[in-house]
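In case you want the letters, here they are:
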Amino acid sequence: MRFLITAGPTREPIDPVRYLSNRSSGKMGYALAKAARNAGHEVTLISGPVSIPAPESTDLVRVETAVEMFDAVKIRINEADVAIFCAAVADYRIKEISAEKIKKNDEEVTLTLMQNPDILGSARSEFGFTGRLVGFAAETENVEANARGKLERKGCDFVVANDVSRRDIGFDRDANEVILFAADGSTMRLDRASKDEIAKAIIQHILTR
Ligand code: CTP
């Protein structure tokens, strides 16, 4: 099977030297790419800027911004059988990027943000993707209700939810603990384990159900 996986954060430029981003390390997405490849699948990994090495034998597409990630996914997704959206895409970008470095002349500076395209949310509606679609949900409360809402709204077959309010798992950690919500109503909990082990279990689960 062919997998398309998004990973890492996106970087939204403010001026030539500054950007807005988030704490995603890319570890979970890269672990998923490795697990899919180790299970004998072809993998295209569309990644925001991260500091971990590219997994071997995967087709790595590097992007910076959410708009670049959107375009990269759009042209490739329909070659995939399974698409997993693990990237922590910035919800907003700077409306007017300054061509020059912003000087500290003023006491206060106001940046206006505008919404980025929802890449996962476009998979079915705009890209016409008909394969197996997996989203991630980083929640701090009402994990099940929020994850199930996302699953329905974005036309996913599975949503992998993790509780980002916990310090021992998730963002920039080597371990994770997740719950998989499936469109058929079933749920599966994967107890705290390394991201490599969690990734392997996710790949197995989404292919066998
Ligand atoms: N995602 C995406 N493009 C975006 C934002 C999110 O592809 N611009 C994907 C992420 O990769 C992840 C899922 O959508 O798979 C996470 O969605 P999230 O941003 O948490 O969901 P929303 O429905 O926008 O809800 P929230 O209000 O919680 O931000």
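Residues numbered from 1 in each chain as written. Predicted model: local features only at pLDDT ≥ 70, side-chain atom pairs only at ≥ 80, totals over all residues. Heavy atoms only, no water.

*Asks:* An account of the overall build of the protein is needed here, citing residue identities and associated values.
*Replies:* Of regular secondary structure, the protein possesses 5 helices and 12 strands. For the protein, whose C-alpha radius of gyration is 17 Å, the value lies close to the compact-globule estimate of 17 Å for 209 residues. In terms of overall dimensions, the protein has a C-alpha envelope of 60 × 35 × 35 Å along the principal axes. For the protein, the residues scored as buried account for 45% of the 209 residues in total. Surface exposure of the protein reaches about 11200 Å², of which carbon and sulfur atoms provide 44%. Taken as two groups, the 29 positive and 32 negative side-chain charges of the protein have centres that lie 3 Å from each other. (Helix = DSSP H or I, 4+ residues; strand = E, 2+ residues; numbered from the N terminus. Rg over C-alpha atoms; globule rule 2.2 N^0.38 Å. Buried < 20%, exposed > 50% of the residue type's maximum accessible area, 1.4 Å probe, protein only. Areas by Shrake-Rupley, 256 points an atom, 1.4 Å probe, with all protein chains shown as cover. Lys, Arg positive; Asp, Glu negative; His and termini not counted. Charge placed at Lys NZ, Arg CZ, Asp CG, Glu CD.)

*Asks:* Hey, could you go over the pairing of strand S10 (residues 158-163) for me, with residue numbers and the actual values?
*Replies:* Counting buried positions along S10 gives 5 out of 6 residues, so the element sits mostly inside the fold. Regarding the hand of the β-α-β motif, the stretch spanning strand S9 (residues 132-139), helix H4 (residues 143-153) and S10 is right-handed. Sheet topology places S10 next to strand S11 (residues 175-182); 4 bridges connect them, and they run antiparallel. Its bridge partner being in S11, Val-159 is matched across the sheet by Phe-181. (Right-handed = clockwise from strand over helix to strand, strands pointing away. Pairing = 2+ DSSP bridges.)

*Asks:* Pulling in residues and values, what's your account of the pattern of salt bridges?
*Replies:* Taken as a whole and judged by the stated rule, the model has 10 salt bridges. The closest approach of N and O atoms between Asp-174 and Lys-27, which form a salt bridge, is 3.1 Å. Highlighted residues: Asp-174 in the loop between S10 and S11 and Lys-27 in helix H1 (residues 27-38), separated in sequence by 147 residues. By relative accessible area, which is 23% here, Lys-27 ends up partly exposed. Put simply, Glu-144 and Arg-148 hold a salt bridge, and the shortest N to O gap is 3.5 Å. A residue pair is termed a helical-turn pair when its members lie 3 or 4 positions apart in one helix, as Glu-144 and Arg-148 do in helix H4 at 4 residues. (Salt bridge = Lys/Arg side-chain N within 4 Å of Asp/Glu carboxyl O.)

*Asks:* Now, about helix H2 (residues 66-76): what can you tell me, with residues and values included?
*Replies:* Listing the buried residues of H2 in full gives Ala-66, Met-69, Phe-70, Ala-72 and Val-73. Summarising the contacts, the buried residues of H2 are in contact with strand S1 (2-7), strand S2 (12-15), strand S4 (42-47), strand S5 (59-62), strand S6 (82-85) and helix H3 (119-125). (Contact = heavy atoms within 4.5 Å.)

*Asks:* So, the environment of Lys-101: which residues are in play, and what are the values?
*Replies:* In this fold, Lys-101 is placed in the loop between strand S7 (92-94) and strand S8 (113-115). Take Lys-101: its relative accessible area is 45%, and that puts it in the partly exposed class. The spacing of Lys-101 and Asp-15 is 86 residues in sequence and 5.5 Å in space, taken between C-alpha atoms. Non-local contacts of Lys-101, meaning those with residues more than four positions away in its chain, are made with Asp-15, Pro-16, Val-17 and Arg-18.

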